[in-house]
Amino acid sequence: MTYREKHSFQLERSLFEKPSSKYRGTPFWAWNCKVDKEDVDRVIMNLKRMGMGGFHIHCRTGMDIPYLSREFMEMVRYAHEKGRELGMLTWLYDEDRFPSGSAGGMVTQKMEFRQRILVLSPEKLSGDEDVFGNVLKEGQRKFLGKYAVWLQEGYLADYVFLGIDGEELAGADTWYLYREIIGDNAWFNNQAYVDTLNGEAIREFISLTHETYYKEFADEFGETMPAIFTDEPQFWPKSTLDFAGEKKKVLLPFTDDLPDSFQKASGYHFFEILPECVWELPDGRLSDKRYHFHNHICERFVHGFADQIGAWCRGHGIALTGHMMEEPTLASQTAMLGEAMRSYRAFEIPGIDMLYDGRELNTAKQAQSAVRQYGREGMLSELYGVTGWDFDFRGHKLAGDWQAALGVTVRVHHLTWTSMAGEAKRDYPASIGCQSPWYREYRFLEDYFARLNTALTRGKSEVKIGVLHPIESYWLYWGPKEQTWAHREEMDEHFRNLTEWLLYGLLDFDFIAESLWQELTPDSSLVNDGFLVG
């Protein structure tokens, strides 16, 4: 998407008074029934009356059209043509519900593309034992080896990887390592979530999803279809022990060739150093091997998912937008992403998710920093979800205002229902549409934010303060909670506080991601009185 008018010397009064569709909101439009042409006509006309500039076609629970089928694509085409008649934009969405990656379960019909989990267990697991409720039985568990582990006062004194056939050692605790493959889940149409660390699996996702849209709408990409939204990609959440000496399973993200890629990247055999990712070293020592593990998992995830999809989108003339899973804290990012900012390198319109009328300043600041440093033209927010039926216009304006102040220019309202039949009526209300009595007056808000966006998409920020993002330091303390939790909580508190002190003191800043710094700051940008990023 290009805000072409921003290059003119002066903001035209006519554009400010009547902003075009690209400056206006583009809500998630829930296809939550057997959507027909009458539904399309009604919803799009209502969105136009509300001052919206477009819509995201968003498959939700209740949709009664086979996903990505011929019938589905014909209805998408009808909605796009109807919107185009009214001067509105069609924003694509890359999944059947969420999270993105499985193409409604079509990708994960192939067992090799299903999500993998590493389980470190204090006891042997039988072939049919269910570890946590949704893992395949019938031969999908693989034993990878066992460890002899010696703890001294709760710290890792020594350890040995015994392999598959090695004998257990006297005086040591024995732990057993398994690979699990996720089993069938109704949410994924009785399939499973995808292995986001597996680049081949994501190429299958692109082939089934993005290529299908391109075949139908290639001429509209980058014009009346400005972007495709990806929603909450993630890997299996990393867990920790609560106490160093407890006998509890530890679950970590995994993909089948991880040992090979880890050894190539770090020089270590992954299985041989795994205990350092679980237990703390004595005498306050930090584990570089633990750091390499978290860094490698993050890089596999970003390279496999965001980098591939972003490259495909750039090559096909459409912007990648959307948001990651669990963006706000150091703890949540470490568990499910590694690092949020690293993925933003692949997004043309980086985005965030702001539900429950939250005030996640760091979530917004991370995305805004990437927008500035990569010279992106806009920033997206999925907002207003789960705010309830009594969330009034004051709340809508306040939530929109603080996010606009931190860079948001593309407003994706959560959620406009097509139908409120059955389960649809419980889908994270309120509905931002005709089911709410104020929908005819909503144009007052949209006109306000659209006019604001005509100004916010112009000019260039001059940022004099850089804050080194602490996520990579945080990884070093991802160990048993009894030994690390207080320090991790303190780091997250400092992470929040520093942002609030600067912003409430009207001192603008950018986060600097260590993983992106070298790419964004060539040697020629290192000057005596500072440095440039981006």
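The structure we're discussing is the one just above.
Residues numbered from 1 in each chain as written. Predicted model: local features only at pLDDT ≥ 70, side-chain atom pairs only at ≥ 80, totals over all residues. Heavy atoms only, no water.

## Notes on the sheet that holds strand β12 (residues 380–383)
Next up, step 1: Spatial ordering of the open sheet is given by β13-β12-β11-β10-β8-β3-β2-β1-β14, a layout of nine strands whose pairing is parallel. The strands lining the two open edges of the sheet, one partner per strand, are β13 (410–413) and β14 (416–417).
Next up, step 2: In this sheet, strand β8 (residues 227–231) lies alongside strand β3 (residues 89–93) in parallel orientation, the contact comprising two bridges. Of the residues in β8, the one forming a bridge with Leu92 is Ile228.
Next up, step 3: In the packing of helix α2 (residues 37–49) onto the sheet, contacts are made with β1 (28–31), β2 (54–59) and β14, and the angle to β1 comes to roughly 160 degrees. (Pairing = 2+ DSSP bridges. Helix = DSSP H or I, 4+ residues; strand = E, 2+ residues; numbered from the N terminus. Contact = heavy atoms within 4.5 Å. Axes fitted to C-alpha atoms, helices over the stretch in contact; angles between N-to-C directions.)

## Remarks on helix α15 (residues 481–504)
Next up, step 1: With 24 residues, α15 extends 32 Å from end C-alpha to end C-alpha; this agrees with the ideal 34 Å at 1.5 Å per step.
Next up, step 2: Among the residues making up α15, those that are buried are Thr484, Arg488, Met491, Asp492, Phe495, Thr499, Leu502 and Leu503.
Next up, step 3: Elements in contact with the buried residues of α15: α9 (330–336), α11 (361–374), β15 (466–468), α14 (471–475) and β16 (510–512).
Next up, step 4: Positioned one or two residues after α15, Leu506 has a phi angle of 60 degrees, which is positive. (Expected span 1.5 Å × (residues − 1). Buried < 20%, exposed > 50% of the residue type's maximum accessible area, 1.4 Å probe, protein only.)

## Side note on the pairing of strand β6 (residues 155–163)
Next up, step 1: Where strand β5 (residues 142–152) lies against β6, seven bridges are found, and the strand directions are antiparallel. Looking at the pairing, Gln152 lines up with Tyr155 of β6.
Next up, step 2: What sits between the antiparallel neighbours β5 and β6 is a turn of two residues, in which Glu153 has the positive phi angle 55 degrees.

## Considerations on the pattern of salt bridges
Next up, step 1: Scanning the model with the defined rule gives 36 salt bridges in all.
Next up, step 2: For Glu299, the salt bridge goes to Arg345, with nearest N and O atoms at 2.8 Å. Residue Glu299 is located in helix α8 (residues 288–315), and its partner Arg345 is located in the loop between α10 (340–344) and β11 (349–354); the two are separated by 46 residues in the primary sequence.
Next up, step 3: Arg443 is the partner of Asp447 in a salt bridge, and the nearest nitrogen-oxygen pair spans 3.4 Å. With Asp447 and Arg443 both in helix α13 (residues 443–456) and four residues apart, this pair spans about one turn of that helix.
Next up, step 4: Assessed through its relative accessible area of 31%, Arg443 is described here as partly exposed.
Next up, step 5: Among the charged side chains, a network of salt bridges with common partners joins Glu299, Asp307, Glu339, Arg342, Arg345 and Glu472. (Salt bridge = Lys/Arg side-chain N within 4 Å of Asp/Glu carboxyl O.)

## Describing the sheet that holds strand β4 (residues 116–121)
Next up, step 1: One open sheet holds the five strands; their spatial order is β6-β5-β7-β4-β9, and the pairing between them is antiparallel. Sheet topology places β6 and β9 (250–254) at the edges, where each strand pairs with a single neighbour. Averaged over all adjacent pairs, the angle separating strand axes in this sheet is 25 degrees, with direction ignored.
Next up, step 2: Sheet topology note: the β5/strand β7 (residues 173–181) ladder contains seven bridges and is antiparallel. In the strand pairing of β7, Ala148 is matched with Thr174.

## A word on the environment of Thr484
Next up, step 1: Along the chain, Thr484 turns up in helix α15.
Next up, step 2: Sequence spacing of Thr484 and Arg285 is 199 residues, and the spatial spacing of their C-alpha atoms is 13 Å.

## Thoughts on the packing of helix α6 (residues 258–266) against α8
Next up, step 1: Look at α6 against α8: their axes get within 10 Å of each other, and the N-to-C directions meet at 115 degrees. For the element pair α6 and α8, the recorded crossing hand is right-handed. Contacts between α6 and α8 involve Leu258, Ser261, Phe262, Ala265 and Ser266 from the first element and Lys289, His292, Phe293, His296, Ile297 and Arg300 from the second.
Next up, step 2: Residues of the contact of α6 with α8, tallied by class, amount to five nonpolar, four polar and two charged. (Left-handed = near helix turned anticlockwise from the far one by under 90°. Nonpolar A, V, L, I, M, F, W, Y, C, P; charged D, E, K, R; others polar.)

Interpretation in functional terms is not warranted from these geometric data alone.
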